[in-house]
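# Structural overview
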Amino acid sequence: MAKFTVRAENNNLFNFPNFVNHKVSIFNTLRPQRLNLLAQNHSLKFRVSCSIIEREKEKALERQRILEGLKVNGELSKKGELISTSGNELGAENEDKEVGFEWSWPPWKNLPQRYKLIGTTSLAFVICNMDKVNLSIAIIPMSHQFGWNSSVAGLVQSSFFWGYALSQLPGGWLSKIFGGSKVLEVGVLVWSLATMLVPYLAGFMPALIFSRILVGIGEGVSPSAATDLIARTIPLEERSRAVSFVFGGLSFGSVTGLLLAPPLIQNYGWESVFYLFGFLGIGWFLGFQLVKEDRPWFSTESMSWPPSFSRNKSMGSSLGELSASLKDVPWKAFFKSKAVWAMIYAHFCGSWGHYTCLSWLPTYFSEELNLNLTEAAWVSVFPPLASIFVTSIASQFADSLISKGVDTSVVRKICQTIAFLSPATCMILSSLDFGLPPWEVVTILTGGLALSSFALSGLYCTHQDISPEYASILLGITNTVGAVPGIVGVALTGFLLDSTHSWSISLFAPSIFFYLTGTVVWLAFASSKPQTFSEGD
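Everything numeric in this text was worked out from a predicted model, so none of it was measured.

### Details of the overall build of the protein chain
The helix and strand tally for the protein chain stands at 18 helices and four strands. Across the 537 residues of the protein chain, 53% fall into the buried class. Of the contacts formed within the protein chain by residues at least 6 apart in sequence, a portion of 82% connects residues at least 24 apart. A total accessible area of about 24,400 Å² is found for the protein chain, and carbon and sulfur atoms account for 65% of it.

As structure tokens, this is what we get:
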């Protein structure tokens, strides 16, 4: 025999003075019961109880449920309130047990804090690249509308990287002082608002460039902010997966943006992609307030830090203290390290291939392979889509090697070498005139660019490896140099294209050069050995 009981607990809605200590039960057959309506709290809880004849099975189930955080009849809740009453009113022969179930909202409430932070940060990166790639699609109808040639289109696209480069070091420093969480949410708000301004400013070139600079500034602080979060909360043996999950959001954002942009442009005009994608960033900002509202920044799960390193004082620091904290950064020690210089050059080389392809591949597919806007956008989806798959493999591969005792520096060198040599080889094959059909060229480029995602388990983990405390600042340094290809490379590609009318010379040849030289420098000087960066180093 089984029974089901439904009752409302701790509810002010039923605070009737003439009805105290009543309870209602609903059974297979109706029986008169007492209605228990107590006003003890402002929250409304519903509890479903069941009784089962099989006593021994019920005891085993109770032990299991207690371990999972469920409350057994007769126990007290965390607030000290009686949460259930006995079931002996039906008769002792049933020997009932009542087990209560509580539903918590929001669904992520009981997740460990580091998972919430990593998940929301990855989502921010999805929106980040959606707002980055929207222009690479919209630039085609915008160029037709405003009469821009390739050089002007390259200038408009490269203006994003001016702000991106300017915000790298400030983003790393601010993340160290105020925390990556605060810096990230402000960055998302800035770039989202600036994205929504693009349609209003497109007819006036200086204003358009300024709006894209603002987008670059907002997005430029996000890598350092994410690095700060990962370095503080994720242990070494989980770091490759965390970095890959967060930065893998960029690939997913590219896929989403490239899929959504063409139909939006064709049905609602190119302005629609800026409105919609900007609105998504505003929504993320509002939702992030709910995710973080119940947390202290440092939880018991966070990594330990030296006593001198505290963020509690940051929000109340004066400008003098902030200036002093900037002087405390061991800048000279950074630039004396061969490993840091290897990261700087590797970041520059990887960014050259990534940013030029991100900005120009849709146009390359449209003009060189004679695809229309929709087809070019769909083809452009393949590299980032494949990167999502490769990223998961690379992260598991790297963490597996580290857990088996392989030296971390060796693992990072292997992953970064794959990330450089793979796209270089595929670009060489694509640039040579083998008479390959368009879809074979697409397949080759997709494979090479996808394998470049091994960098997320190589270069992008090295900042946290050598110094978790200064990881955000180190990434700010390398990413500042890494943003230069976005400024120079994207614009130079457009200039060379106008001059030579050759995609092999303008797009592929420079990238191949930097991928090969970057491999040599990385293998010679890169290291993941932890460094203190003290004055004596």
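Now, onward.
### Focus on empty space enclosed by the protein
Tallied over the full model, the rule gives five cavities of 30 Å³ or more. Taken as a whole, the largest cavity encloses approximately 750 Å³ of empty space. Lining of the largest cavity is provided by 41 residues; of these, Leu250, Ser251, His354, Ser452 and Ser453 occupy positions nearest its centre. Mapped onto the lining of the largest cavity, the elements with two or more residues apiece are helix H2 (113-146), helix H7 (222-233), helix H8 (236-268), helix H12 (338-367), helix H13 (373-403), helix H14 (408-431) and helix H16 (459-466).

### A short note on the packing of helix H4 (residues 168-178) against helix H5 (residues 180-201)
The geometry of H4 relative to H5 is characterised by a closest axis approach of 7 Å and an angle of 130° between their N-to-C directions. Judged on the interaxial angle alone, H5 and H4 are oblique. Along the contact surface, H4 presents Gly171, Leu174, Ser175 and Phe178, while H5 presents Gly180, Lys182 and Val183. Taken together, the residues of the contact of H4 with H5 sort by class into three nonpolar, three polar and one charged.

### Quick word on the packing of H2 against H5
The relative placement of two packed helices is expressed as an angle between their axes plus a distance between the axes. One can describe the packing of H2 onto H5 by two numbers: an axis separation of 11 Å at closest approach and a directional angle of 25°. Classified by the angle their axes make, H2 and H5 are roughly parallel. Considering only the axes of H2 and H5, their crossing is left-handed. Here Thr121, Ala124, Ile127, Cys128, Asp131 and Asn134 of H2 lie close against H5, whose contacting residues are Leu184, Val188, Trp191 and Thr195. Of the residues assigned to the contact of H2 with H5, the class counts are six nonpolar, three polar and one charged.

### Some thoughts on the UniProt feature "transmembrane region" (unreviewed entry) in the protein chain
Within the UniProt annotation, "transmembrane region" (unreviewed entry) is assigned to residues 186-210, 242-261, 273-291, 340-361, 381-402, 441-461, 473-497 and 503-525. The distance separating the terminal C-alpha atoms of residues 186-210 is 18 Å; by composition the span is 88% helix and 0% strand. For the annotated span residues 503-525, helix accounts for 100% and strand for 0% of the residues, and the straight-line distance between the end C-alpha atoms is 33 Å.

### Some words on the state of the cysteines
Under the criterion given, the structure shown has zero disulfides. No disulfide involves Cys415; its sulfur sits 8.0 Å from that of Cys461, the nearest cysteine.

### Quick look at H7
When the terminal C-alpha atoms of H7 are compared, their 17 Å separation across twelve residues agrees well with the 16 Å that a helix rising 1.5 Å per residue should span. When you tally the buried positions in H7, you get twelve out of twelve residues, the bulk of the element. Those residues of H7 that sit buried are Ser222, Pro223, Ser224, Ala225, Ala226, Thr227, Asp228, Leu229, Ile230, Ala231, Arg232 and Thr233.

### Points about the nonpolar core
Within the largest apolar cluster, 64 residues are counted, with the highest numbers of intra-cluster contacts made by Trp284, Phe334, Leu361, Tyr364, Phe365, Met427 and Leu445. The two domains that each donate at least three residues to this core are domain 1 (114-294) and domain 2 (331-531). Core analysis: the second largest hydrophobic core is formed by 28 residues, Ala153, Ala261, Leu264 and Phe274 among them.

### Focus on a nonpolar patch on the surface
Nonpolar side chains collect at one region of the surface, where Phe252, Phe382, Leu385, Ile388 and Trp439 lie side by side and expose about 480 Å² of accessible area between them. By residue number, the principal contributor to the nonpolar patch is H13, which donates three residues. With respect to the helices and strands, the residue Phe382 is situated in helix H13.

### Quick word on the packing of aromatic side chains
Counted by the stated rule, this structure contains 27 aromatic pairs. For the pair Phe160 and Tyr164, a centre-to-centre distance of 5.6 Å together with 25° between the ring planes defines the contact as stacked. Here Phe160 and its partner Tyr164 are both found in helix H3 (residues 150-166), four residues apart, which amounts to about one turn of the helix. By relative accessible area, Tyr164 is classed as buried at 4%. Between Phe397 and Phe454 the ring centres are 6.4 Å apart and the planes differ by 70°, which places this aromatic pair in the edge-to-face class. Here the residue Phe397 occupies a position in helix H13, and Phe454 occupies one in the loop between helix H15 (438-451) and H16, the gap between them amounting to 57 residues. Overall, Phe397 belongs to the partly exposed group, its relative accessible area being 34%.

### Structural notes on the environment of Met343
Relative to the elements of secondary structure, Met343 occurs in helix H12. Excluding its chain neighbours within four sequence positions, the residues that come into contact with Met343 are Leu459, Thr462, His463, Ile466, Thr478 and Trp522.

What counts, and where the lines are drawn
- Residues numbered from 1 in each chain as written.
- Predicted model: local features only at pLDDT ≥ 70, side-chain atom pairs only at ≥ 80, totals over all residues.
- Heavy atoms only, no water.
- Helix = DSSP H or I, 4+ residues; strand = E, 2+ residues; numbered from the N terminus.
- Buried < 20%, exposed > 50% of the residue type's maximum accessible area, 1.4 Å probe, protein only.
- Contact = heavy atoms within 4.5 Å.
- Areas by Shrake-Rupley, 256 points an atom, 1.4 Å probe, with all protein chains shown as cover.
- 1 Å grid on protein atoms, 1.4 Å probe; cavity = no way out; pocket = protein on both sides within 12 Å on 5 of 7 lines; lining within 4 Å.
- Points joined across faces, edges and corners; volume = space filled by probe spheres on them.
- Axes fitted to C-alpha atoms, helices over the stretch in contact; angles between N-to-C directions.
- Parallel < 35°, antiparallel > 145°, perpendicular 65-115°, else oblique.
- Nonpolar A, V, L, I, M, F, W, Y, C, P; charged D, E, K, R; others polar.
- Left-handed = near helix turned anticlockwise from the far one by under 90°.
- UniProt positions renumbered as here; feature names shortened; annotations may be inferred.
- Disulfide = S-S within 2.5 Å.
- Expected span 1.5 Å × (residues − 1).
- Core = buried A, V, L, I, M, F, W, Y, C linked by side-chain atoms within 4.5 Å.
- Domains from an automatic or database assignment.
- Patch = residues over 30% accessible without salt bridge, like charges linked within 9 Å, V, L, I, M, F, W, Y side chains within 5 Å.
- Salt bridge = Lys/Arg side-chain N within 4 Å of Asp/Glu carboxyl O.
- Phe/Tyr/Trp six-rings, centres within 6.5 Å; stacked < 30°, edge-to-face > 60°.

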